[in-house]
Amino acid sequence: FQSYALWPHMTIRQNLSLGLQVKKMDSALIAKRVDEALDLVGLEGMAERAPSALYGGQQQRVALARAIALRPKCVLFDEPLSNLDLLLREQMRVELRRLLKELEITAGYVTHDQPEALVISDKLIVMSKGRIQQVGPPEEVYRKPSNLFSASFLGGVNILQPAPGQKSGSQIALRGGQVLTTAHGAAEGSPEGRVIAIRPEALIPQAPGTGAENVLEGEVSEVAFLGGQTEVRFRAGEDQLMARVHGYSSASVGDVMRFSVHPGSVMLLDASDAG
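Scope of this entry: the structure provided in the associated data block.

Rules of the game
Each chain carries its own residue numbering, running from 1 in the direction its sequence is written. Whole-chain, interface and lining totals are the exception, using all residues; otherwise, since this is a predicted model, local features are given only for residues with pLDDT of at least 70 and side-chain atom pairs are given and counted only at 80 or more. For side-chain calculations, the full set of non-hydrogen atoms in the structure is used, while hydrogens and water are omitted. Helix and strand assignments follow DSSP, with helices taken as H or I runs no shorter than four residues and strands as E runs no shorter than two, numbered in order from the N terminus. Salt bridge, as used here: a side-chain nitrogen of Lys or Arg that lies within 4 Å of a carboxyl oxygen of Asp or Glu. Exposure categories follow from relative accessible area, calculated using a 1.4 Å probe and restricted to protein chains: below 20% of the type maximum is buried, above 50% is exposed, and the middle band is partly exposed. We call a set of buried Ala, Val, Leu, Ile, Met, Phe, Trp, Tyr and Cys residues a nonpolar core when their side-chain atoms join them within 4.5 Å. All axes here are fitted lines through C-alpha atoms, helices being fitted over the stretch that makes contact, and every angle between N-to-C directions spans 0 to 180 degrees. For classification purposes, angles smaller than 35 degrees are called roughly parallel, those larger than 145 roughly antiparallel, those between 65 and 115 roughly perpendicular, and all remaining angles oblique. Should the near helix be turned counterclockwise from the far one by less than a right angle, the crossing is left-handed, whereas a clockwise turn marks it as right-handed. Only heavy atoms enter the contact rule, under which two residues are in contact if any of them lie within 4.5 Å. Helix span, expected: 1.5 Å multiplied by one less than the number of residues in the helix. What the arc measures is the spread of directions leading from the helix axis to the C-beta atoms. Definition of a polar contact: a pair of N or O atoms within 3.5 Å, with one able to donate and the other able to accept a hydrogen when the atoms are protein atoms, and with sequence-neighbouring residues admitted only if both atoms are side-chain atoms. Stacked, edge-to-face and tilted are the three classes for Phe, Tyr and Trp ring pairs, Trp counted by its six-membered ring, which pair at centre distances within 6.5 Å; planes under 30 degrees apart are stacked, over 60 edge-to-face, the rest tilted. Here, over-ring charges are defined by two tests on the NZ atom of lysine or the CZ atom of arginine: distance to the ring centre within 6 Å, and angle to the ring normal within 35 degrees. Think of it this way: DSSP has to see at least two bridges between two strands before they count as a pair.

### Here's the deal with unusual backbone geometry
A positive phi angle, close to 55°, is found at Ala5, a residue other than glycine. Considering the arrangement of structural elements, one finds Ala5 in the segment before helix 1 (12-22). For Glu79, which is not glycine, the phi dihedral falls at a positive 45°. If you trace the backbone, Glu79 turns up in the loop between strand 1 (74-78) and helix 4 (86-103).

See the structure below:
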């Protein structure tokens, strides 16, 4: 759970033993199971401490160890890492995946944290208003969203409006006059009621004069350095876009920049499928 539901008046060992005692297991086996579970989550030597003596990440691991000690076939998680700080959350999601794989436990994991969902899952289910929008491996759902909601919810996208009156072919005209090529064959027929979706990281900076295809050019309106990447917002024609550039970018507000996008990263999605 989001709150780890540890009994405050019990030691860590007593918390882990409780479910096993309810199952009327032998005391020697209970002690063995508890020690094994604490060792798996890296809390060996802490069995006699109170939950209040542990920090949030350790308490979360105690809750996980309590479930592991019961040797379940399935564990349900309800945003268990939401109360942790960013660094600890990143460490715990990798640790959780390792443990679940090692113990061969099936897990149903609810989260609104997109990176967490991508890291932990083998199969991803995107839901909106109680309805399943898409099911599949994380990479497939991210790279080939089935609708606009999946694309927007998982990682975010730039939304561009096609120009009216397009007939057919792999080329899509934008309202500002630019033309993009898609490799998905999704441009057949009229683009009416559909939008172009491009992931921010799919926009690759290009030096002036390069012969790259699918070029979008515009004036930079905002630059945000995020350490491992830089977000550059710019206007191309009538559309406001955001590019996610790896590492540091020397871009400044007012600069005119060119970005190219691979045809395979140009998606045409139904505008009504927004969840």
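Still more ground to cover, so stick around.
### Remarks on the pattern of salt bridges
Counted under the stated rule, the structure contains 15 salt bridges. The closest approach of N and O atoms between Arg258 and Glu217, which form a salt bridge, is 3.4 Å. You can see Arg258 sitting in strand 13 (residues 256-260) and its partner Glu217 sitting in strand 10 (residues 215-225), a full 41 residues away along the chain. For the salt bridge of Glu222 with Arg233, the shortest nitrogen-to-oxygen distance reads 3.9 Å. On the criterion of sequence distance, the pair formed by Glu222 in strand 10 and Arg233 in strand 11 (residues 229-236) is long-range, its members being eleven residues apart. The partly exposed category is assigned to Glu222, whose relative accessible area is 41%. Residues joined by salt bridges that share partners form a network here, namely Glu201, Glu222, Glu231, Arg233 and Arg244.

### Comments concerning the nonpolar core
Counting residues in each nonpolar core, the largest one holds 33 residues, and the members touching the most others are Leu16, Leu38, Val41, Val62, Leu64, Phe77 and Leu96. Residue assignment for this core shows that the elements contributing at least two residues are helix 1, helix 2 (27-40), helix 3 (56-69), strand 1 and helix 4. Looking at this core, the element that brings in the most residues is helix 3, giving six residues. Within the second largest apolar cluster, 22 residues are counted, among which are Leu216, Phe234, Ala243 and Met257.

### Digging into the packing of helix 3 against helix 4
The interhelical angle for the contact between helix 3 and helix 4, taken along N-to-C directions, is 15°, at an axis separation of 11 Å. The angle between helix 3 and helix 4 falls in the class roughly parallel. At the point where helix 3 passes helix 4, the crossing takes the right-handed sense. Within the contact between the two elements, helix 3 uses Gly57, Gln60, Arg61, Leu64 and Ile68 and helix 4 uses Leu88, Met92, Leu96, Leu99 and Leu103.

### What to know about helix 2
For helix 2, spanning 14 residues, the distance from its first C-alpha to its last is 20 Å, which sits close to the expected 20 Å at 1.5 Å a residue. Of all the positions in helix 2, only Ile30, Arg33, Val34, Ala37, Leu38 and Leu40 are classed as buried. Angular distribution of buried residues about the axis of helix 2 spans 160°; they occupy a single face of the element. Where helix 2 is buried, its residues contact helix 1, helix 3 and helix 4. Capping the start of helix 2, Asp26 holds a side-chain oxygen 3.0 Å from the backbone nitrogen of Ala28, two or three residues further along. Note on helix 2: the residue one or two positions beyond its end, Gly42, has a positive phi of about 75°.

### Here's the deal with the packing of aromatic side chains
Under the defined criterion, the tally for this structure stands at four aromatic pairs. On the basis of an interplanar angle of 75° and a centroid distance of 5.9 Å, the ring pair of Phe225 and Tyr248 is categorised as edge-to-face. Within this pair, whereas Phe225 is found in strand 10, its partner Tyr248 is found in the loop between strand 12 (239-246) and strand 13, the two being separated by 23 residues in sequence. Residue class for Phe225 comes out exposed when judged on its relative accessible area of 51%. Taking the relative accessible area as the measure of exposure, Tyr248 reaches 64% and is therefore exposed. Seen in terms of ring centroids, Phe234 and Phe259 are 4.6 Å apart; in terms of plane orientation they differ by 20°. Their pairing is stacked. Linking Phe234 in strand 11 with Phe259 in strand 13, this pair joins segments that are 25 residues apart in sequence. Side by side, Phe234 and Phe259 carry an identical accessibility label, which is buried. For Arg199, the ring lying beneath its charged end belongs to Tyr142, and the centroid distance is 4.0 Å.

### Observations regarding the pairing of strand 10
As a general feature of sheets, a regular strand has side chains that alternate between the two faces. Pairing of strand 10 with strand 13, which is carried by five bridges, proceeds in the antiparallel orientation. Residue pairing across strands places Val215 opposite Ser260, the latter belonging to strand 13.

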